Every structure is written in C-alpha cells, then in structure tokens.
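Spelled out from the first residue to the last, the chains are:
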Amino acid sequence: MNEHVSMNDLGAARLSTDKPLSLAILAMGGQGGGVLADWIVGLAEAEGWMAQTTSVPGVAQRTGATIYYIEMLPAKDGHAPIFSLMPTPGDVDVVMAAELMEAGRSVLRGLVTPDKTLLIASTHRSFAVAEKEKPGDGIGNAEVVVDATDFAAKRTIAFDMETMAVRNGSVISASMFGALAASGALPFGKQAFEAMIRAGGKGIEPSLKAFNAAFDRVKEKPRDAVSATPPKHFDALPETAGHPALDRLVNRIRSEFPEVAWPLLFAGVKKLTDYQDPAYADEYLSRVAALHALDRKGGGANKDFAFTVQAAKYVAVAMAYDDVIRVADLKVRGSRFERVRKEVGAKDDQIVYMTEYMHPRMDEVCGTMPKGMGLWIESRPRLFARFDRFINKGRRVQTATLFWFLGLYLVSALRRFRRGTLRHAREVEHREAWLAAASNLLAANYDLAVEVLGNRRLVKGYSDTHARGLSKFDRVMSALPLLREREDGAAWMRRLRQAALLDEKGTALDGALKTVGTL
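Worth saying up front: this structure is predicted, and the values here are computed from it rather than measured.

Here is what the cut-offs are and how they apply
- Residues numbered from 1 in each chain as written.
- Predicted model: local features only at pLDDT ≥ 70, side-chain atom pairs only at ≥ 80, totals over all residues.
- Heavy atoms only, no water.
- Salt bridge = Lys/Arg side-chain N within 4 Å of Asp/Glu carboxyl O.
- Helix = DSSP H or I, 4+ residues; strand = E, 2+ residues; numbered from the N terminus.
- Buried < 20%, exposed > 50% of the residue type's maximum accessible area, 1.4 Å probe, protein only.
- Contact = heavy atoms within 4.5 Å.
- Pairing = 2+ DSSP bridges.

Quick word on the pattern of salt bridges
Piece 1. Tallying each qualifying case throughout the model produces 31 salt bridges.
Piece 2. Close ionic contact of E427 with R423 constitutes a salt bridge, the shortest N to O distance being 2.9 Å. Placement of both E427 and R423 in helix α19 (residues 422–439) is noted, with a separation of four residues, approximately one turn of the helix. For the residue pair E427 and R423, the accessibility class agrees, reading buried in each case.
Piece 3. Notably, a salt bridge pairs R497 with E451, separated by 2.7 Å at the nearest N-O pair. Highlighted residues: R497 in helix α23 (residues 489–500) and E451 in helix α20 (residues 446–454), separated in sequence by 46 residues.
Piece 4. On the basis of relative accessibility, which here comes to 10%, the residue R497 falls in the buried class.
Piece 5. Classification of E451 by relative accessible area gives buried; the value is 10%.

In structure tokens form, the structure reads like this:
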C-alpha cells in the first residue's frame with residue numbers, strides 16, 4: 001500500500017470528530033488514476049483543506065484495477081484529522097470508475113450505497129482476460145451493470161469518458177476530473193479545478209480540453225443509454241470510391257444486389273481489397289452473386305434475402321482467412337507502429353521496440369508454399385518431421401529491429417502469390433463444400449440454410465486455433481442430416497453453434513450433439 005499525507009501545521013494534538021469527505025477511484029494501468037488522485041488532493045489543499053490519499057495496486061493490466069482512496073476535511077486550527085487508509089463499505093461519498101465493469105465491481109464491494117454515494121463511471125469497455133479467452137462472445141452484459149448501479153447509487157453520472165478524452169488528445173483522468181467538477185460533489189469552483197490541471201505542467205492544453213468537454217457534457221446530458229450488445233456500424237455505400245477499380249465494385253454492388261445487403265457487401269469489399277487486391281474482392285462479389293441468384297429462386301424475397309445477407313458477411317470472412325502472410329502483413333504496417341507509439345506515449349526522439357511471441361509449425365510453412373511443393377513435403381513424413389523439429393519452437397521476435405522487420409516484410413510480400421499456395425487451395429475447397437451444403441438446403445429448409453452459413457463463425461485464427469475451430473465446425477455440421485427435415489432444424493443448428501462457442505474444449509458441444517442425436 002502506498003500512502004501520501006499532506007496536512008498543515010496542526011498545533012495541539014486534539015482530534016477532529018468531523019466526518020471526512022471520501023472518494024474512491026478505480027482505475028487500470030495507463031488511465032492516470034494516480035494523476036487524478038493527486039489532482040483531487042492538490043485541489044483540496046489549495047482550498048485550505050487537509051487531505052490524504054492511499055492506493056492499493058491491482059494485478060497488471062486487465063485482471064484488476066488499482067483503488068485510490070481519498071479523504072479530506074476543512075482545516076480547523078488545533079484539530080488533527082482522523083483519516084482512514086482504506087474505503088469502508090457503505091461509507092464512501094464518491095466512487096469514480098474508469099471503466100464500466102469496474103463500476104460493477106465497486107457495487108459488489110459495497111462501496112456504492114443508495115443513501116449517499118455519487119457514482120461517476122465511464123461506459124466504455126476494456127475487456128478482461130476472462131472475457132477475451134472465450135471462443136465466442138464472452139463480453140459481460142453491460143445492462144446488468146447499469147441496472148445494478150441504478151439500484152445501488154444515490155446518483156449516477158455515466159458516459160464514454162475514454163472516447164471523449166482520446167478525441168481531445170488526453171487520457172481519461174482529465175475527463176473524469178471534469179465530470180467530478182460538474183457534479184458539485186466537491187465545494188470548489190471550476191476555476192480551482194482548472195488551476196490544478198495547469199499546475200501539473202504536462203499536457204495542459206489537451207487535459208483542459210478533455211476536462212471542459214466532460215464538464216459541459218455533465219451539465220447537458222449526465223447519462224448515456226447502454227445496451228447489452230455494442231452497436232454495429234457499417235459505412236453506407238458511397239456514390240464513388242475514388243478509384244476506377246473500386247468504383248466498378250461499388251457500381252456492381254448497387255446494380256446486382258438488394259439494398260439490404262449493401263452495407264455488408266461494401267464492408268466485405270473493403271476487407272478483401274485490403275487483404276489481397278480489388279480482383280479478389282470482385283471474385284467475392286461473383287461468389288455472392290451466384291448465391292443471391294439461388295436465393296431469389298428459393299423465395300428469398302419473402303425472407304428479406306436473409307440468405308444473401310448472411311452470405312455477404314461470412315463469404316468475406318471465409319475468403320479473408322488468417323495465414324502466415326496475413327499475420328506478417330499486419331505486424332509490419334506503419335499504422336501499427338504509430339498506434340503503439342501513441343499508446344505508450346513515446347516521444348519523437350525515442351525508439352520503441354515491440355517483442356512478439358511467435359510459434360510457427362511446419363504446417364504453416366507448407367501452407368505458404370506452392371500447392372505442389374507443399375503436398376510433396378507433407379507426403380514424406382520423415383522429411384516433414386525433420387523440418388518441423390527445426391521450425392516448431394517458440395520465438396520472441398523484435399519487430400522493430402532490421403533483421404526481423406525485413407524477414408516479416410518479405411513474408412508479407414508473398415501476398416501476390418497467395419492464390420497459388422497450398423493453404424489457399426484448401427481454404428477454397430472447404431469454402432465451396434460449406435456453400436454447397438447451405439445452397440442445397442434452400443428449397444427444403446430456408447432458415448436452416450441461413451444458419452449453416454452462420455457456422456463459418458466457428459472457423460477463425462491460424463495454427464492450433466484454426467485447427468480447433470475447424471474441428472468444431474465439422475462436428476456441428478455433422479448434425480445436418482438429422483436436422484434437414486425438421487421445422488425447428490434452424491433453431492437446433494443455432495443452439496449447436498452457440499454450444500460450440502461456450503468453451504475451448506467443446507464440452508458443451510458434446511452434450512448438445514448427444515441431445516440432437518436423440519431427436
């Protein structure tokens with residue numbers, strides 16, 4: 001526990017029996033929780049109060065937050081304050097959470113109470129390890145947290161303070177300080193808050209911009225509505241893309257497909273152009289166009305062309321599969337280096353090195369080779385195993401060094417040869433078998449055909465992750481003969497897919513498949 005105490009000359013050692021004003025700040029690394037606590041303490045002292053701050057560090061990054069606790073009292077001659085080192089459940093005046101789930105944890109800890117606590121929380125999400133490790137959607141339900149805080153807090157101020165801070169070139173501590181100033185929880189004027197930011201001496205102007213933006217936002221609209229699932233935004237189909245090859249793709253979307261599919265098709269075209277080239281995106285449109293023709297014949301107009309819309313999404317996902325070339329391409333992009341430098345706050349004269357952990361296997365190497373060569377090596381187990389012993393080991397790669405950057409850059413340059421690789425041939429074979437299975441269902445069971453397209457969600461990543469996803473995909477698809485003639489076949493297929501996404505080992509899927517087997 002770290003402690004910082006600052007008091008004026010107390011004179012006689014009489015103890016004050018006044019109740020201190022208490023604040024608890026829950027923040028993660030890099031969010032400026034310590035700076036925010038220092039601002040509040042400095043503000044209190046500048047206004048003639050006595051204040052104390054303590055902190056209990058959480059576990060690194062996104063598995064725990066640091067709790068900063070502040071108590072303050074107006075200075076009284078001859079009276080020494082009695083300050084606590086830790087927040088007491090049920091006895092905190094202001095709780096400030098720098099992330100939505102941390103607001104929920106403050107409620108669970110008993111720090112937020114309906115009779116006295118003002119809760120100031122940012123509604124953005126910084127996902128925990130437990131949320132990220134799920135094969136499917138492991139994101140916690142934001143609505144549950146909001147409902148809990150509505151019940152637990154006397155008053156709540158909640159909006160996306162992180163985005164507001166980033167938009168103004170600052171960090172979330174500045175916008176939270178602005179929200180605190182506008183809340184009226186502290187008996188100090190706005191100018192006193194701004195003076196404390198100026199006294200910091202670093203990043204003054206961006207911090208003041210974020211502070212004032214949050215201050216004004218609280219006065220206008222102190223709360224944002226939060227939904228269980230984050231909204232998805234797709235770019236509207238433009239009139240022109242500004243390049244002849246891309247303009248042809250945009251015009252093709254507008255002329256050949258129903259309007260309901262335009263946003264997803266445009267997103268797919270952008271993704272595949274970035275992934276490969278405009279010709280590859282045109283190949284994607286041709287494949288979806290063939291599926292749309294089947295959809296029209298199968299009565300898709302009566303279903304809002306759900307089959308076409310689903311195809312627009314998942315055919316693009318299938319064609320933009322993750323391979324060694326794609327990974328190398330993403331690692332050496334200039335935009336990535338700029339983003340990392342911005343995240344760590346590197347100055348212009350500082351060098352930033354990124355250390356990546358990579359564990360390639362001979363399977364990936366063969367997949368990157370021309371189809372004939374890759375098959376030739378795979379057909380010789382002894383040779384394959386000999387190469388694998390040399391390649392199959394973990395490596396820590398410093399991407400910013402000349403050696404590794406050039407190596408990854410050369411691998412990314414193989415993109416022009418991707419269509420001739422063994423991995424691409426296998427992806428095309430798997431994709432066509434999957435689309436044929438869905439297409440053959442259109443006339444007999446339209447809804448089930450749509451769900452079969454959605455099964456592509458199970459296949460993701462590369463190396464071991466890809467192998468596990470492919471295995472789950474095959475197991476879910478194995479139930480297709482049992483569901484083909486059932487009216488509720490689509491619902492059962494959706495349940496199987498959801499079960500496959502619940503855990504990495506597929507335990508839930510095993511149970512679901514046994515249930516389907518008894519139908």
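Some points on the environment of L519
Piece 1. With respect to the element layout, L519 can be found in the segment after α24 (507–517).
Piece 2. Expressed as a C-alpha distance, the spacing of L519 and A195, which sit 324 residues apart in the sequence, is 71 Å.
Piece 3. Each residue touching L519, except ones within four places of it in the same chain, is listed here: L483, R486 and W492.

So, the pairing of strand β10 (residues 355–358)
Piece 1. What you see with β10 is a clean split: E356 and M358 sit on the buried side and T355 and Y357 on the side with no burial.
Piece 2. Pairing of β10 with strand β11 (residues 395–398) involves four bridges; the strand directions are antiparallel. When the bridges of β11 are listed, T355 appears paired with Q398.

Without other data, these values stay purely geometric and don't point to any function.
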